[in-house]
Amino acid sequence: MGNRDARYTLEGMIEFDEGYFTIESSEIEQEKGIRGRGAVGKSNVAIMAESTILEDIETGGKSNHCRYFKAKVLTDHTSEQINQTIQESISEKSILFTDKSTSYIDIADYVEIHITEKSNKETTTETLRWVHIAISNAKRNFLGNFHKIKGKYLQLYLNEFVYKLNRRYFEEKLFDRLVIASITGL
């Protein structure tokens with residue numbers, strides 16, 4: 001599933017943020033006692049959502065429509081790894097919306113336009129809406145299905161979640177498409 005989605009890049013208007021997923025940590029990691037972003041039992045994941053602002057012609061009201069998602073586990077929280085993720089996952093001619101994280105300083109070099117907003121409740125519910133919905137849905141899904149996740153398997157679980165999410169309108173065809181993808185190896 002991950003190989004299939006890796007073939008595509010997101011384009012247009014993209015929301016980008018990071019989420020921290022709880023993972024099962026080894027005894028060695030527990031002894032280190034690291035706090036904050038490198039905390040034991042937390043893994044940093046970059047989430048990207050291809051969203052489009054739609055305007056109702058009659059009312060003039062605006063709403064967001066979301067198409068495709070990508071998720072990648074980050075081994076560290078550096079601008080280099082975030083920039084690499086942006087280059088691999090997002091078209092150069094995209095408009096990227098992020099919060100004002102210090103890790104996002106060089107993103108403008110890799111996309112057409114980079115728009116940042118200070119993190120607050122409005123940013124969470126409007127500008128980065130689909131990214132935060134995807135993060136919360138993935139966390140709830142993982143907690144309900146798997147209870148504990150080892151760090152080495154987190155990317156595989158994310159691949160499955162994003163594969164299903166990107167094909168949410170396929171309905172009964174989803175399984176058949178997955179079988180074809182696994183047979184062809186693409």
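Given the structure is predicted, the values throughout are model-derived calculations rather than measurements.

Draft legend 1. Representation of the confidence of the model for the protein within the structure. On average, the protein scores 81 in pLDDT, and the residues at 70 or more come to 84%. Within the model, the stretch residues 27–31 combines pLDDT values under 50 with 3 contacts to residues more than four positions away or in other chains.

Draft legend 2. Quick peek at the packing of aromatic side chains. Using the criterion set out here, one finds 4 aromatic pairs in the structure. Look at F16 and Y104: their rings are 5.5 Å apart centre to centre, the planes differ by 80°, and that puts the pair in the edge-to-face class. Residue F16 is found in strand β1 (residues 13–22), and its partner Y104 is found in the loop between β4 (95–99) and β5 (113–117); the two are separated by 88 residues along the sequence. Aromatic side chains F142 and Y157 sit 6.1 Å apart centroid to centroid with 50° between the ring planes, which places their arrangement in the tilted category.

Draft legend 3. Broad picture of the packing of helix α5 (residues 129–145) against helix α6 (residues 154–166). Two elements in contact, α5 and α6, have axes whose closest approach is 11 Å; the angle formed by their N-to-C orientations is 115°. Looking at the two axes, α5 sits roughly perpendicular to α6. As α5 packs across α6, the resulting crossing turns out to be right-handed. On α6, the residues that touch A134, N137, A138, N141 and F142 of α5 are L154, Y157, L158 and F161. A breakdown of the residues in the contact of α5 with α6 according to their chemical character gives 7 nonpolar, 2 polar and no charged.

Draft legend 4. Main features of the pairing of β1. In terms of burial, β1 is a largely internal element, 7 of the 10 residues being buried. Where β1 and β4 come together, 3 bridges link them in parallel fashion. Among the inter-strand pairings, E15 is bridged to a residue of β4, identified as F97.

Draft legend 5. Local environment of a nonpolar patch on the surface. A surface patch of nonpolar side chains, about 320 Å² in accessible area, is lined by F175, V179 and I183. The class for V179 is partly exposed, based on a relative accessible area of 31%.

Draft legend 6. Representation of the pattern of salt bridges. Per the counting criterion, the structure on display carries 3 salt bridges. Notably, a salt bridge pairs E50 with R67, separated by 3.0 Å at the nearest N-O pair. Here R67 lies in strand β3 (residues 62–74) and E50 lies in strand β2 (residues 42–55), a separation of 17 residues in the sequence. Given the relative accessible area of 3%, E50 is considered buried. A salt bridge links E160 to K164; the shortest N-O distance between them is 3.0 Å. One end of the pair, E160, and the other, K164, are both in helix α6, 4 residues apart, so they sit about a helical turn from each other. Take E160: its relative accessible area is 25%, and that puts it in the partly exposed class.

Draft legend 7. Structural context of the side chain of N166. Structurally, N166 is set in helix α6. Here N166 is in contact with D5, R67, Y68 and F69, once residues within four sequence places are set aside.

Calculation rules
- Each chain carries its own residue numbering, running from 1 in the written order of its sequence.
- Where totals are concerned, whole chains, interfaces and linings use all residues; where local detail is concerned, this predicted model gives features only for residues with pLDDT of at least 70, and gives and counts side-chain atom pairs only at 80 or more.
- To obtain the side-chain values, all non-hydrogen atoms of the structure were used and water was disregarded.
- Confidence of the predictor in every single residue is expressed as pLDDT, which spans 0 to 100.
- In this description, contact between two residues means that some pair of their heavy atoms is separated by no more than 4.5 Å.
- Each Phe, Tyr or Trp ring, with Trp reduced to its six-membered ring, pairs with another whose centre is within 6.5 Å; inter-plane angles below 30 degrees give stacked pairs, above 60 give edge-to-face pairs, and intermediate values give tilted ones.
- We count a stretch as a helix when DSSP gives it H or I for four or more residues in a row; a strand needs E for two or more, and each element gets its number in order from the N terminus.
- To get an axis, a line is fitted to the C-alpha atoms, and for a helix only the part in contact is used. The angle between two axes follows their N-to-C directions and goes from 0 to 180 degrees.
- We call two directions roughly parallel when the angle between them is under 35 degrees, roughly antiparallel when it is over 145, roughly perpendicular when it lies between 65 and 115, and oblique otherwise.
- Here a crossing is called left-handed whenever its near helix is offset anticlockwise from the far helix by less than a right angle, and right-handed whenever the offset is clockwise.
- Put simply, Ala, Val, Leu, Ile, Met, Phe, Trp, Tyr, Cys and Pro go in the nonpolar bin, Asp, Glu, Lys and Arg in the charged bin, and everything else, Gly too, in the polar bin.
- Relative accessibility thresholds used throughout: buried, under 20% of the residue-type maximum; exposed, over 50%; partly exposed, between the two (1.4 Å probe, protein chains only).
- When DSSP finds at least two bridges between two strands, those strands are taken to pair.
- Surface patches are defined over residues having more than 30% relative accessible area and no salt bridge, joining like charges when they lie within 9 Å and nonpolar side chains (Val, Leu, Ile, Met, Phe, Trp, Tyr) when within 5 Å.
- Here the accessible surface of atoms and residues is derived via Shrake-Rupley with a 1.4 Å probe, and residues count as covered only by protein chains that are part of the display.
- Between Lys or Arg on one side and Asp or Glu on the other, a salt bridge is scored when a side-chain nitrogen of the former is within 4 Å of a carboxyl oxygen of the latter.

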